[in-house]
Amino acid sequence: MITKEIRIIPPAEMPVFVGALMQGRKVLAPTRNDDGLCVFAWLTAPEHADWACEIPRVPPKQAFLPRTEVLFRYHREKGKETVSPPAPPEPQVVLGLHPCDVQAVKVLDTVFSAEPSPDQPYLARRAVTTLIGRGFADDESFVFCRELGIDPMDNRDCDAFLVPLAAGRMALEILTDKGAALKQAYERFPPAGAGDLAAIAEARKLSAARITQPLDMAAIQRNLETIFNSDLWDRIHEPCVGCGACAFLCPTCHCFDIQEETRGMDGARVRVWDTCQFDLFTRHASGHNPRTSQKERSRQRIMHKFSYGVGRFHIPFCVGCGRCIAVCPAHNDVRQILKEIHDLAKTAKPQDRV
Amino acid sequence: MTTPKQVDLKTIARELLTTGKADVFIGYQAATQPLTAAPLIIHKPLAPDAERDMVRKVDALIFDDRCEMNLVNYLHKFKDRNVAIVVKGCDSRSVVGLLQEKQVDRKNLIIIGAPCRGVVDRRQAGSEIYTACRECPVHNPVIADYLIGAPVPQPDLPEITPEMEAMRKASPDRRWERFHKEMSKCILCYACRNLCPACYCKICFADASKPKWGGRTDDPSDAMMFHLQRLMHLGGRCTGCGACVRGCPMNVDLRLYNDHLRSHVKQEYGFMAGMDPAAQPPLAMYGTDDCNEFIR
C-alpha cells in the first residue's frame, strides 16, 4: 500500500486528534466502561479513547452490524399502512483497530458484498466509514493472529494507521483518499522525520520476524472436509455450555435474526445478533430442528470459520484475536481444537468425507 | 449420611473409571489462560487405546483455587449415565437442588467433595477470591461420597452483608440506576442461564418463539425482562454459587439480586436452597404457616 503521508502525534495531543475526528463524525474506539472493561464503544468525549486497550472485549463489528438494526418502521391505521426507511447512516470513524480486527472487517465486507444479494444496510454503513488501524508490538496471552499470518503491525486494508513509537508518540500513516479526507484532523501535526521513518521500519521488521510458521489454513480446511462424522465432535462439544459469548464477541461472526418490535399500531422490523450456538437459530416453524444438539452446533461453528468460509470466499472466518478464548465461560480454547483437527485428520477414514 | 472417605483425586478417578463404577468422570484441568481451570470430562474406556487416553486425562486432573466452574451443570448432559463429579461446597448445594427437583438420581451419582476456601478472582490482579466465595456459608460439601481434602474452617458471616443492607436502604431511584447500569451491559448471550445448574427448562421462556416472549434488541428493557424472569424462576432455588457472575463475558453483576431473593426466602420460609435432599423447597409446596402478608 502506498503511504500518502505520515504525521507524528505526541501523546498529549491524542485527544486533540480524536476531538477533531469527532467533528461531524461518530467515532467508535477502544474505551473503558464503568467496570474498567475495555470495549469498542461510541466516544462521547475525545479523552475516553484508551490507548492501553489491546483487544477490546466488544469487537468493532457494531459499527457496520449494530446489535439492533432497524430495517424499516411501519405504522398501521384503518385500511392504511405506511412504511418508512430508517435514517441514512452518519459518517463514522472506527479508530484504533488491531490489524486482526481490520482483517475481520475484510471478512464482513466479503460476506456482505457477495452476489447475488449484497447487504444494503451493511454496505451503507461501510461506505461512510473510515478505518484507522493501530499497530501493536506485544500480544495478549490469548491472541494468536500471528499463527494465522496476520501481522499486528500490518496496515493493509486501513484508510489510516497508527504506529506506536517511543514515549507514547504515534505515527499516523495516511493510506487512502478516505484517510486523506481527515486532513483537517491531522494537518496540525508535524510530518515524520528521518528518525521516525527508521523507527517505523524497525518496528515493522521486528514484528514481521515474529511470524515464523503460520498455520496452513488451506490444509486445515481440507482436513475438516474429511471429519464431518468424526467422533472428535463428541468430545469437543462436551464442555461447551451452548451460550453465545464466543459468537457475539467474535469480530467476524455475523449471523442475525429478524424480529418485529411492535407497540400499538407502530412497529419496526429489526435485525439482531444471533448465533449458531443457540437451539433457536435453526429451529424450523414446524418445530423440527436439523441441528439437534450442541454437538452439531459446536461443529457448525468450527466448520463455518475454518472450512465453509475458506471454501466459498477463500478467506478464513477467524482472525486469531482470541476473544472467544478470553470469554468462554467453560475456558474452551479454539487453538487446541484446531490442533486436534490438524492431528486427527491424518487418520480420518475416507467414508467420513462429505 | 456416613462420613465420606478421604481419597486422592487421581486415584479415585482411575479406580472409578477402570472398575466401571463411573461411566463419566467430571473434574477440572488447568486451562490455557492464567488463573483458570477448564472442565475435564473423562469417559470410561471401551478399548485399549481409549484406556491410555483415559490414564493421560486422569493425570491432568487438578483441584485448586482456580476451579471456578460449577460442574453440576454438566449433569444434565449425562442423565442416563453413572457420573462421578467433583463438587465444591457451593456446587454440592446445586446437586442437592437437582435431587430435590428429581432431575438426577442419587444412585447414578458418585460425589467427590472438595472442601474449598474460595476460588481466585481471575479478573483481579493478585489473589483475591470472588465476593460470592467471601460470603459463602458452605465451604465444605453438604453431600459427598468421597472427600479429596480435609474439611476447612467455616468463617462466621453476618446475616445480611453491609452491601445488601445499603442497597435495601437506597432510594428507588438509586436502585433503578444500578439495575439499569447492570442491564445495559448485558448482550443476551445467555451464558448466565447456560451455566446455571438450576436453569434446565427444555425450552426456556427466552427461546420461546411461538409466540415470542421477550425481545433480543439492545434496548436495556429486553435484558431486564430476561433477567427479571430468570430471577423469579430462581427464587428459593438459587444456591448462590456465583457461576452466572463468574461466567458473564460483560461482567454483569447479578449477585446482589440473587442474594436479595435468597435472603428473602430464608427470612420468610426459613429455607436455604440446596442444603437437605429430603427438604421440600418452599415454592414447590404449601404450608398453613406460609408467609401471607402480601394477601390483602
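Scroll up to find the structure this text is about.
Just so it is clear, the model here is predicted, and its values are computed rather than measured.

A.B. asks: In this structure, what is going on with the pairing of strand S5 (residues 80–84) of chain A? I would like to understand it.
C.D. replies: In regular strands, side chains alternate between the two faces of the sheet. Residues and elements named next belong to chain A. Where strand S4 (residues 68–77) and S5 come together, five bridges link them in antiparallel fashion. If you follow Arg 73 over to S5, its bridge partner there is Ser 84. If you look at the hairpin formed by S4 and S5, you'll find two residues sitting between the two strands, and Gly 79 has a positive phi there, around 70°.

A.B. asks: Please clarify how the pattern of salt bridges should be interpreted in this entry.
C.D. replies: Side chains that differ in charge, positive against negative, can pair when their charged atoms come close. All names here are of chain A. Here the structure, examined in full by the defined rule, presents 47 salt bridges over all chains. For Asp 109, the salt bridge is made with Arg 126, and the minimal N-O distance between the two is 2.8 Å. Taken together, the positions of Asp 109 in helix H2 (residues 99–112) and Arg 126 in helix H3 (residues 120–127) put the pair 17 residues apart, joining distant regions of the chain. Residue classification places Asp 109 among the partly exposed positions, given a relative accessible area of 21%. With a shortest N-O distance of 2.7 Å, Arg 271 and Asp 119 are connected by a salt bridge. You can see Arg 271 sitting in strand S11 (residues 266–273) and its partner Asp 119 sitting in the loop between H2 and H3, a full 152 residues away along the chain. Each member of the pair Arg 271 and Asp 119 is classed as buried.

A.B. asks: What should I look at first to understand the packing of aromatic side chains in this one?
C.D. replies: In this description, an aromatic ring pair is defined by two values, namely the gap between the centres and the angle between the planes. One pass over the full model with this rule turns up 14 aromatic pairs over all chains. Between Phe 17 of chain A and Phe 189 of chain A the ring centres are 6.3 Å apart and the planes differ by 75°, which places this aromatic pair in the edge-to-face class. With Phe 17 of chain A in helix H1 (residues 14–21) and Phe 189 of chain A in the loop between helix H5 (183–186) and helix H6 (194–209), this residue pair connects regions lying 172 residues apart in the sequence. Here the two residues Phe 17 of chain A and Phe 189 of chain A agree in accessibility, since each one is buried. Measuring from centroid to centroid gives 5.9 Å for Phe 248 of chain A and Trp 273 of chain A, while their planes differ by 55°, and the two rings are tilted. Within this pair, whereas Phe 248 of chain A is found in helix H9 (residues 245–248), its partner Trp 273 of chain A is found in strand S11, the two being separated by 25 residues in sequence. Phe 248 of chain A gets classed as buried once you look at its relative accessible area, which sits at 2%. Take Trp 273 of chain A: its relative accessible area is 7%, and that puts it in the buried class. Three or more aromatic residues joined by ring pairs form one cluster here, namely Phe 248, Trp 273 and Phe 278 of chain A together with Tyr 190, Phe 205, Trp 213 and Phe 226 of chain B. Stacked on the ring of Trp 273 of chain A, the Lys or Arg Lys 61 of chain A has its end atom at 4.6 Å from the ring centre.

A.B. asks: Help me understand the sheet that holds S11 of chain A in this model?
C.D. replies: Backbone-to-backbone hydrogen bonds pair the strands of a sheet. The strands run either parallel or antiparallel. Residue and element names in this part refer to chain A. Strand order in the open sheet made by the four strands is S5-S4-S11-S10, with antiparallel pairing throughout. Each edge of the sheet is formed by a strand with only one pairing partner; in this case those strands are S5 and strand S10 (256–263). Taking the axes of each pair of neighbouring strands and ignoring which way they run, one obtains an average angle of 20° across the sheet.

A.B. asks: For this particular structure, what's the right way to read the interface of chain A and chain B?
C.D. replies: One frequent convention defines the size of an interface as the accessible area lost when the parts assemble. The interface of chain A with chain B comprises 45 residues on the first partner and 42 residues on the second. Interface area, chain A with chain B, both sides summed: about 3,400 Å², of which 51% is carbon and sulfur. Per-residue buried area on chain A facing chain B is highest for Arg 67, Glu 238 and His 331 of chain A; these three make up 22% of the total on that side. For the pair chain A and chain B, the interface holds four salt bridges. Its salt-bridge partner being Lys 212 of chain B, residue Glu 261 of chain A comes within 3.5 Å of it at the nearest N-O pair.

Calculation rules
- Residues numbered from 1 in each chain as written.
- Chains lettered and ligands numbered in written order.
- Predicted model: local features only at pLDDT ≥ 70, side-chain atom pairs only at ≥ 80, totals over all residues.
- Heavy atoms only, no water.
- Pairing = 2+ DSSP bridges.
- Helix = DSSP H or I, 4+ residues; strand = E, 2+ residues; numbered from the N terminus.
- Salt bridge = Lys/Arg side-chain N within 4 Å of Asp/Glu carboxyl O.
- Buried < 20%, exposed > 50% of the residue type's maximum accessible area, 1.4 Å probe, protein only.
- Phe/Tyr/Trp six-rings, centres within 6.5 Å; stacked < 30°, edge-to-face > 60°.
- Lys NZ or Arg CZ within 6 Å of the ring centre and 35° of its normal.
- Axes fitted to C-alpha atoms, helices over the stretch in contact; angles between N-to-C directions.
- Contact = heavy atoms within 4.5 Å.
- Buried area = accessible area lost by both parts, 1.4 Å probe.

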